[in-house]
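# Analysis of the macromolecular model
Here's the letter readout for the chains.
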Amino acid sequence: MNMKICAQCKMEKPVSEFYRYKNRGKYFYYFSNCKKCESERRKVYNPAYRLIHPWANTLNHILYRCKRGYAKNYLNTKDLKSLWFRDRAFEMKNPSIDRKNTYGDYTLENCRYIELTENMKRDRKRKETWALEYKECKNCGTVKIPHNAKGLCMSCYVKKWRVSRAL
Ligand SMILES: [Zn+2]
Ligand SMILES: [Zn+2]
């Protein structure tokens, strides 16, 4: 069976799980997202749908951030709906999704809805301390060089990245 890896959920699925573009007669090619991810994406991009399902806005925001490489997303609209009601986001002025561990992925355990103002406060704190989850660089212990990602300063991160690219 022909298999293909979905660009969104990164799961390997049979090609029958992917929509096809019809392209002149017998020629066609497959979508890069599987059917499940593609229908999710279509729903989320539909403004009318987002109006009735406000948590779909969140997914839109998450997908955007993940596309830029900030984290991986493991949430779908159903998960966000459950968080929405668990955290009573409907009572908030400006509900926004927060990752408890800023460097963690978008998972059910790591995510919660909080007020946007609260989220922004956390952002400010992130800027004041060297990094929210790290006191100093895990590798060299500096606080002078700015934090890059995953507890590493700019220079350590670049070094690590170069090494792993070379392997
Ligand atoms: Zn998928
Ligand atoms: Zn360092």
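Residues numbered from 1 in each chain as written. Chains lettered and ligands numbered in written order. Predicted model: local features only at pLDDT ≥ 70, side-chain atom pairs only at ≥ 80, totals over all residues.

## Regarding the overall build of the protein
Let me state the cut-off plainly: Helix and strand definitions follow DSSP, with helices as H or I runs of at least four residues and strands as E runs of at least two, each counted in order from the N terminus. Radius of gyration here is computed from C-alpha atoms only, and the compact-globule reference equals 2.2 Å multiplied by the residue count raised to the power 0.38. Once C-beta atoms are placed from the backbone, any two residues with those atoms within 7 Å are in contact.
Looking only at helices and strands, the protein features six helices and eight strands. Each helix and strand of the protein, ordered N terminal to C terminal, gives the series β-β-β-β-α-α-α-α-β-β-α-β-β-α. By the compact-globule yardstick of 15 Å for 167 residues, the protein is too spread out, its C-alpha radius of gyration being 20 Å. Of the contacts formed within the protein by residues at least 6 apart in sequence, a portion of 31% connects residues at least 24 apart.

## Some thoughts on the domain arrangement of the protein
To be explicit about the condition: The start and end points of each domain follow an automatic or database-based domain assignment.
Domain assignment breaks the protein into domain 1 (1-38), domain 2 (46-124) and domain 3 (126-167). Each of domain 1 and domain 3 has a C-alpha centre, and the two are 38 Å apart.

## Looking at helix α1 (residues 35-45)
Two residues of an α-helix separated by three or four positions point the same way, owing to the 3.6 residues in each turn. Let me state the cut-off plainly: Counting other C-beta atoms within 10 Å of its own, a residue is labelled buried from 20 upward, exposed at 12 or fewer, and partly exposed in the gap between, with every C-beta atom placed from the backbone. In this context, the arc is that of the directions from the helix axis out to the C-beta atoms.
Of the residues making up α1, those classed as buried are Cys 37, Glu 40 and Val 44. Here the buried residues of α1 occupy an arc of 60° about the axis, which is enough to place them on one side. Residues of α1 that are exposed and point more than 90 degrees away from the buried face comprise Ser 39 and Arg 42. Turning to α1, the residues buried within the fold contact α3 (55-67) and α4 (77-86).

## Quick look at unusual backbone geometry
For Lys 10, which is not glycine, the phi dihedral falls at a positive 65°. Structurally, Lys 10 is set in the loop between β1 (3-5) and β2 (12-14). Of note, Arg 88 is a non-glycine position whose phi angle comes to about 55°, a positive value. Mapping Arg 88 onto the fold places it in the loop between α4 and β5 (95-99). On the neighbour-count criterion, Arg 88 (10 C-beta atoms within 10 Å) is exposed.

## Comments concerning the pairing of β5
A regular strand places its side chains so that they alternate between the two faces of the sheet. Note the cut-off: For two strands to count as paired, DSSP must find a minimum of two bridges between them.
Along β5, the buried face is formed by Pro 95, Ile 97 and Arg 99; none of Ser 96 and Asp 98, which line the opposite face, is buried. Where β5 lies against strand β6 (residues 111-115), five bridges are found, and the strand directions are antiparallel. Residue pairing for β6: Arg 99 is matched across the bridge by Cys 111.

## Here we look at the nonpolar core
The following threshold applies: A set of buried Ala, Val, Leu, Ile, Met, Phe, Trp, Tyr and Cys residues, joined through C-beta atoms within 7 Å, is what we mean by a nonpolar core.
The biggest cluster of nonpolar side chains holds 13 residues, and the ones touching the most others in it are Trp 55, Leu 59, Ile 62, Leu 75, Leu 80 and Trp 84. When residues of this core are traced back to their parent elements, those giving at least two are α3, α4 and β6. Ranked by residue count, the leading element in this core is α3, at four residues. Those residues in contact with Leu 59 that sit more than four places away from it in its chain are Val 44, Leu 75, Thr 77 and Leu 80.

## Here's the deal with the packing of α3 against α4
The condition is simple: Interaxial angles span 0 to 180 degrees and are taken between N-to-C directions of axes, which are lines fitted to C-alpha atoms, for helices over the stretch in contact. Oblique is the label for any angle not covered by the other classes, which are roughly parallel (under 35 degrees), roughly antiparallel (over 145) and roughly perpendicular (65 to 115). Here a crossing is taken to be left-handed if its near helix is turned anticlockwise relative to the far helix by less than a right angle, and right-handed if that turn runs clockwise.
Running from N to C, α3 and α4 point in directions that differ by 120°, and their axes come no closer than 9 Å. When the axis of α3 is compared with that of α4, the two are oblique. Crossing of α3 against α4: the hand is right-handed. Residue-level inspection shows Trp 55, Ala 56, Thr 58 and Leu 59 of α3 in contact with α4, the latter providing Thr 77, Leu 80, Lys 81 and Trp 84.

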